[in-house]
Each structure stands twice: as C-alpha cells, then as structure tokens.
Amino acid sequence: ARPLPLALGPLREPGRAAWARRSRPRLFQNLLLLLWALLNCGLGVGAQGPGEWTPWVSWTRCSSSCGRGVSVRSRRCLRLPGEDPCWGDSHEYRLCQLPDCPPGAVPFRDLQCALYNGRPVLGTQKTYQWVPFHGAPNQCDLNCLAEGHAFYHSFGRVLDGTACSPGAQGVCVAGRCLSPGCDGLLGSGALEDRCGRCGGANDSCLFVQRVFRDAGAFAGYWNVTLIPEGARHIRVAHRSRNHLALMGGDGRYVLNGDWAVSPPGTYEAAGTHVVYTRDTGPQETLQAAGPTSHNLLLQVLLQEPNPGIEFEFWLPQERYSPFQARVQALGWPLWQPQPREVEPQPPAAPAVIPARTPTLAPVFQARVLSRHRQAQETRYEVRIQLVYKNRSPLRAREYVWAPGHCPCPMLAPHRDYLLAVQRLVSPNGTQDRLLLPHAGYARPWSPAEDSRIRLTARRCPI
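Attention here is on the structure that accompanies the text. (Residues numbered from 1 in each chain as written. Predicted model: local features only at pLDDT ≥ 70, side-chain atom pairs only at ≥ 80, totals over all residues. Heavy atoms only, no water.)

1. Some words on the pattern of salt bridges
Tallying each qualifying case throughout the model produces six salt bridges. Between Arg197 and Asp203 there is a salt bridge, with the nearest N and O atoms lying 2.9 Å from each other. Classification of Asp203 as buried rests on a relative accessible area of 9%. A salt bridge links Arg367 to Asp416, with the shortest nitrogen-to-oxygen separation between them at 2.7 Å. Separated by 49 residues along the polypeptide, Arg367 in strand S20 (residues 363-374) and Asp416 in strand S23 (residues 416-420) bring together distant segments of the chain. The exposure class of Asp416 is buried, given its relative accessible area of 18%. (Salt bridge = Lys/Arg side-chain N within 4 Å of Asp/Glu carboxyl O. Buried < 20%, exposed > 50% of the residue type's maximum accessible area, 1.4 Å probe, protein only. Helix = DSSP H or I, 4+ residues; strand = E, 2+ residues; numbered from the N terminus.)

2. Focus: the sheet that holds strand S10 (residues 205-212)
By definition, the strands of a sheet pair up through backbone hydrogen bonds, in either a parallel or an antiparallel sense. A sheet is described by the order of its strands in space; here six strands give the open sequence S10-S19-S12-S17-S16-S15, paired in antiparallel fashion. Both edges of this open sheet fall to S10 and strand S15 (265-269), since each of them pairs with a single strand only. Direction aside, the axes of adjacent strands within the sheet are offset by 15° on average. With six bridges connecting them, strand S16 (residues 272-279) and strand S17 (residues 283-288) associate as antiparallel partners. (Pairing = 2+ DSSP bridges. Axes fitted to C-alpha atoms, helices over the stretch in contact; angles between N-to-C directions.)

3. As for the side chain of Asn256
Considering the arrangement of structural elements, one finds Asn256 in the loop between strand S14 (253-255) and S15. From its side chain, Asn256 meets the backbone oxygen of Leu244 in a polar contact 2.5 Å long. When residues no more than four places from it in sequence are discounted, the contact partners of Asn256 are Tyr221, His243, Leu244, Ala245, Val261, Ser262, Tyr276 and Glu284. (Polar contact = N/O pair within 3.5 Å; in protein donor to acceptor, adjacent residues only side chain to side chain. Contact = heavy atoms within 4.5 Å.)

4. Re the pairing of strand S13 (residues 243-247)
In terms of burial, S13 is a largely internal element, five of the five residues being buried. Along S13, one buried face is formed by His243, Ala245 and Met247 and the opposite face, lined by Leu244 and Leu246, is buried too. As defined by bridge partners, S13 adjoins strand S18 (residues 296-302) across five bridges and the pair is classed as antiparallel. Across the sheet, the residue bridging to Ala245 is Gln299, located in S18. By the bridge criterion, two bridges tie S13 to S14 in an arrangement that is antiparallel. By the bridge assignment, Leu246 is partnered in S14 with Leu255.

Right, dumping it as structure tokens:
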C-alpha cells in the first residue's frame, strides 16, 4: 500500500507565532486610535483641552550631605496633535533639611569658589585664591572675589541648593532664587491661610470682629472679651488714655495689671508672642499671630469714657460655639455683629449657579495668579488690582470659580482681566463664592476696556 501524504501547513519561523499573538492587542489599540484620529480630522473636530500629565517620578536625593539642600521630581506631558499643553510645571523642587553640618565645615558657596583656586581662569597663567562675593547683581551666579585684589569673577551659575545669600531662606535653583512655600516646595508661593492651613481658603475658621463700646460706670478694670484657645491673627486697638490689659488663664496679668502700666514690647502669653505698642496718639495696639494654647482675658483699665475698643481674631469653626456659650455665661453683651466666614469650603459637586443678582455683582480688574482644576470646576486665584463697582468686601487675593474642566472664557495665568462675576451667598451665610459662569464678563484688560467699564459703572447701578 502506498503511504498517505502528510497534510503540512505553511512553514513558520520559530517564535514568530508567539510574537504575533502578543502583538495583536497592541496593534488593535493602535488601529482604534488611528481610526479615531481620522474620524476627527474628517469631521473637522480637533482635539479639545490640555494634555495629561504622567505620574510624578520619585524625589531625587538631596543635593547636600548636611544642612539644607534641594530635591527635585519631574513628570511628562502626554498630548495628541492639536491638544493644548498641560497645565502646571514639569518639575517641582523642595527643600530637604538634613542634620546641621559639623562645626568648621566649609560653606557650600565657599567650596564652589575654592574649586578654582590655583587655576588660570582669566586667559593668563596668573592664578588667584577665590572667596565668595555677595555684592554682584545676580546672587545665583558663582561670583568670587580674588583675595588681595579689587575685582571679582563670575564662574556661571552656582549649584542647585546654594543659599541665595548668607542667612537667607531662599535657595538657588537653575539660576533663580526661590523661597519655599508653606508646602516646602520652592517657588510655589503657597501661604498659610488665616486658619493656619497651608494653601487653604479660610474655609475652616471664622473671623470674629467686634467693637466693645461699654463706657463703664467707674474707673478700673473692665472685661472686654475672652480670647479663646486656638485664636489666630489677634488684633486689638483703641485710641484713648485708657490702657489694655491682658490676663492669662492662671489669673496672672501678662501686661498692664495691678494698676501698673507695662512698657511697649513683646510678651509671651498662651504659647504665642504678643506685641504691645503705645504711641503719643494716644493709641494702643495688641497683636499676636497665635494660635493661643489656652484662653486669655482681654480687659481695659478705664480712666476716661471708652470711645470703643476694636478687636478681631480668627477661630476654628468647632471652637466658636463654646466661645459664644462662655461669653454668654460671663454675662457679656452679645449685641455686636456676629462673625463672618470670609471664604467657604468648595463643594465636591458642581456648584449650582443661581440667577444673576445685580446688587451683589462685583466688577473689578484682577491679575490671574494660578489656575487649578478641582472636581468639576476650575479655580482661579486672582489678585485684585482695581475695583470699579462693589458693595461687599473684597480681599487683596480672592478665588474665582468657573464651572467645568475647560471653562469658557479661559483665563490665562499672569494676565490682567476685567471681570464681572456673581457673588453667591448661601441663605445661612456659611458660603460666599465669586462665580464666573459661561455668560460672565471676562475680557483682557486694556485702556479701552477700562474706559468702557468706568463709563458703564457710572451709568448702571450695581
């Protein structure tokens, strides 16, 4: 019998089948991406919005082995053709604080200058000994003075992490002097808010601002207010021949107690420094950064009728009710205006924009400092330059909120705009926001726009 022929398939190189199986999903994804791009191009629809950042890589090692140094991390922007650049920075720098350098250690800038000792650097064979020179314009250049001579030479930039000048907080990074924010990031500009939160929006504390007007029936010490534990940014002022007095929680006077007038100066009380000033106005002030570690009692030593004592401080929200109860139990009057919450906590969900209320619509010129996406909103931090029309207080820096990740109009950082926004205040007064809806007025500032707004502000009541 003749043998049956074997049915053989086409010959394949070893390993190619496995490679094809592994590559099939990737090829399929690439084809889908190509198809999506072709469809968009065919329909005339370009890519929208900015690109996306990759995750941050790990922080690098500190640039110094002792004392202060710099650490850096980076990320990349991934974007399709037609997309805008990513918002934000591709590099972040932070201070790294290591144990202090041992006594006698050579300062970092001195060490960099000393690297050129005995080396010809000025086109001649003559050599010099170099020491830091701090009188040059750019403090982040390696400016070194030739010892025994009246000239200095710049050897380029100093290394990252070099102090800008002796005793300064700022350090040099890529030739720029950057100061750390409260978040530790160099150049971030992050500041503590009035509640003590880094980068906060004053949404976790209340602003207590009142005037004590009790004239007093006799000369002597009168209670003004209780300054509760946790108070920050305390300020008290009056203008009269009376004297402010401050008593600690143990019943002992911190200043101006027992009918004795204390000299102006700085006093320690309740874990903070109290600055007491008195001039020939006559005006007295008390100021303290806080937070206070326990209650303080503010009094006034009356010698003449009280024209009014203004006091203010910021208090955590959870401490306000106990403060009110304590004041009421002490029998002090509560007719003064209640505290106001200056900045609300932003909600996680999109804000519901109410109908425009003309009587609460601020119109102002502002410079955009930063732009930040948060939940389904965009938050702009702005610096108020000029107010045209407004009936409610505006701080030097405010937050303006716009709905959506890609709001319209889009405001660019570091540019000036004329803004007509909506002020939304909740019925119970716990939320106060400046809102820029899609129909809001936002135009780049120019002399022509300024003239139009001034004319409109005179003719249209707001």
